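Listed below are the residues making up each chain.
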Amino acid sequence: MKNDETPRHTPGAMTDHAAPARVRGLPSRLLAVNALHADRLVNDGLAAEGARKWHFAALTALTEGGPASQSDLSRRTGIYRSDMVAVVNELAERGLVERTPDPADRRRNVITVTTEGRAHLRRLDTVVDAAQDALLAPLDADDRARLTELLTRLLDHHERSTGTAPADEDTQDTAPTDRRQSDSH
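Residues numbered from 1 in each chain as written. Predicted model: local features only at pLDDT ≥ 70, side-chain atom pairs only at ≥ 80, totals over all residues. Heavy atoms only, no water.

1. Some points on the overall build of the chain
When helices and strands are tallied, the chain shows seven helices and three strands. For the chain, the N- to C-terminal ordering of α and β elements is α-α-α-β-α-α-β-β-α-α. Out of the 185 residues belonging to the chain, those deemed buried represent 28%. With an accessible surface of roughly 12200 Å², the chain has 53% of that area assigned to carbon and sulfur atoms. (Helix = DSSP H or I, 4+ residues; strand = E, 2+ residues; numbered from the N terminus. Buried < 20%, exposed > 50% of the residue type's maximum accessible area, 1.4 Å probe, protein only. Areas by Shrake-Rupley, 256 points an atom, 1.4 Å probe, with all protein chains shown as cover.)

As structure tokens, then:
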């Protein structure tokens, strides 16, 4: 291996109990390995419904925030604009969103969630909730609330320190359940 190459490991090598105790107990590793489990649970559940995380994010943003241009929807969800085009195309092909010309600027389209899209989102909410339950199965309700609170606090801190926190949002007042969807579940 050259000095500039990233070391590779076998799949699952860092997810089992064979790792040294000092490594197993690192909070950064615990967060990363649990994020892998969370992604797998959410992705598998959504795939069973013919959906992806980006579909869930876009439908949620449109339902909660109302119709939007693709550019605005990209900002709301954190999905790159070029990827948002594909997401909107997929959702529109399935009748889950509708594109209409923006009356203020005919060069833009306004994306609106359809009745079918709202029904699909309700099914996806159930899937995502089940994935959260599976991920957090060993924790009781108080532990789940505390974990969510702590993770939200960490996220808010790092977003503020890197300047990635939304300027118009008071992150201290954001309820942990409001952060249910970003790119990782």
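2. Digging into the nonpolar core
Ranked by size, the top nonpolar core spans 25 residues in total, and within it Leu46, Leu59, Leu62, Leu73, Leu91 and Val97 carry the most contacts. Broken down by secondary-structure element, the contributors of at least two residues to this core are helix H2 (27-48), helix H3 (53-65), helix H5 (81-93), strand S3 (105-113) and helix H6 (115-135). Examining the composition of this core, we find that six residues originate from one element, H3, more than from any other. Setting aside residues up to four positions removed in sequence, Leu62 forms contacts with Pro67, Ala68, Leu73, Arg76, Val97, Ile111 and Val113. (Core = buried A, V, L, I, M, F, W, Y, C linked by side-chain atoms within 4.5 Å. Contact = heavy atoms within 4.5 Å.)

3. Observations regarding the pairing of S3
Where strand S1 (residues 68-69) and S3 come together, two bridges link them in antiparallel fashion. Counted as the bridge partner of Ala68 is Ile111 from S3. Pairing of strand S2 (residues 97-102) with S3, which is carried by six bridges, proceeds in the antiparallel orientation. Bridging from a neighbouring strand, Val97 pairs with Val113 of S3. (Pairing = 2+ DSSP bridges.)

4. Quick notes on the sheet that holds S1
Taken in spatial order, the three strands line up as S1-S3-S2 in an open sheet, and their pairing is antiparallel. The open sheet has two edge strands, S1 and S2, and neither has a second partner.

5. Remarks on the environment of Thr100
Here Thr100 is to be found in strand S2. A sequence separation of ten residues divides Thr100 from Val110, and the C-alpha atoms of the two residues are 5.3 Å apart. Other than its neighbours up to four places away in sequence, Thr100 contacts Arg108, Asn109 and Val110.

6. Let's talk about the pattern of salt bridges
Following the criterion strictly, the structure yields nine salt bridges and no others. Across the salt bridge formed by Arg123 and Glu49, the nearest N and O atoms sit 3.9 Å from each other. Residue Arg123 is located in helix H6, and its partner Glu49 is located in the loop between H2 and H3; the two are separated by 74 residues in the primary sequence. Residues joined by salt bridges that share partners form a network here, namely Asp72, Arg75 and Arg76. (Salt bridge = Lys/Arg side-chain N within 4 Å of Asp/Glu carboxyl O.)

7. Overview of the packing of H3 against H5
It is at 10 Å that the axes of H3 and H5 come closest, and there the two elements cross at 80 degrees. In terms of their interaxial angle, H3 and H5 are classed as roughly perpendicular. Residue-level contacts link Trp54, His55, Ala58 and Leu59 of H3 to Asp83, Val87, Glu90 and Leu91 of H5. In terms of residue class, the contact of H3 with H5 is made up of five nonpolar, one polar and two charged. (Axes fitted to C-alpha atoms, helices over the stretch in contact; angles between N-to-C directions. Parallel < 35°, antiparallel > 145°, perpendicular 65-115°, else oblique. Nonpolar A, V, L, I, M, F, W, Y, C, P; charged D, E, K, R; others polar.)

8. Some remarks on the confidence of the model for the chain
Caution applies to low-pLDDT regions: their predicted coordinates should not be interpreted in detail. For the chain, mean pLDDT is 85; residues scoring 70 or higher make up 79% of the total. For the stretch residues 168-184, pLDDT sits under 50, and the model shows 27 contacts to residues farther than four places along the chain or on other chains. (pLDDT = per-residue confidence, 0-100.)

9. Concerning the packing of H2 against H6
Between H2 and H6, the least distance of the axes is 9 Å, while the angle of their chain directions is 150 degrees. Between H2 and H6 the crossing geometry is right-handed. Note on element contacts: H6 touches H2 through Leu124, Val127, Val128, Ala131, Gln132, Ala134 and Leu135, opposite Asn34, His37, Ala38, Leu41, Val42, Gly45 and Leu46. In terms of residue class, the contact of H2 with H6 is built from ten nonpolar, four polar and no charged. (Left-handed = near helix turned anticlockwise from the far one by under 90°.)

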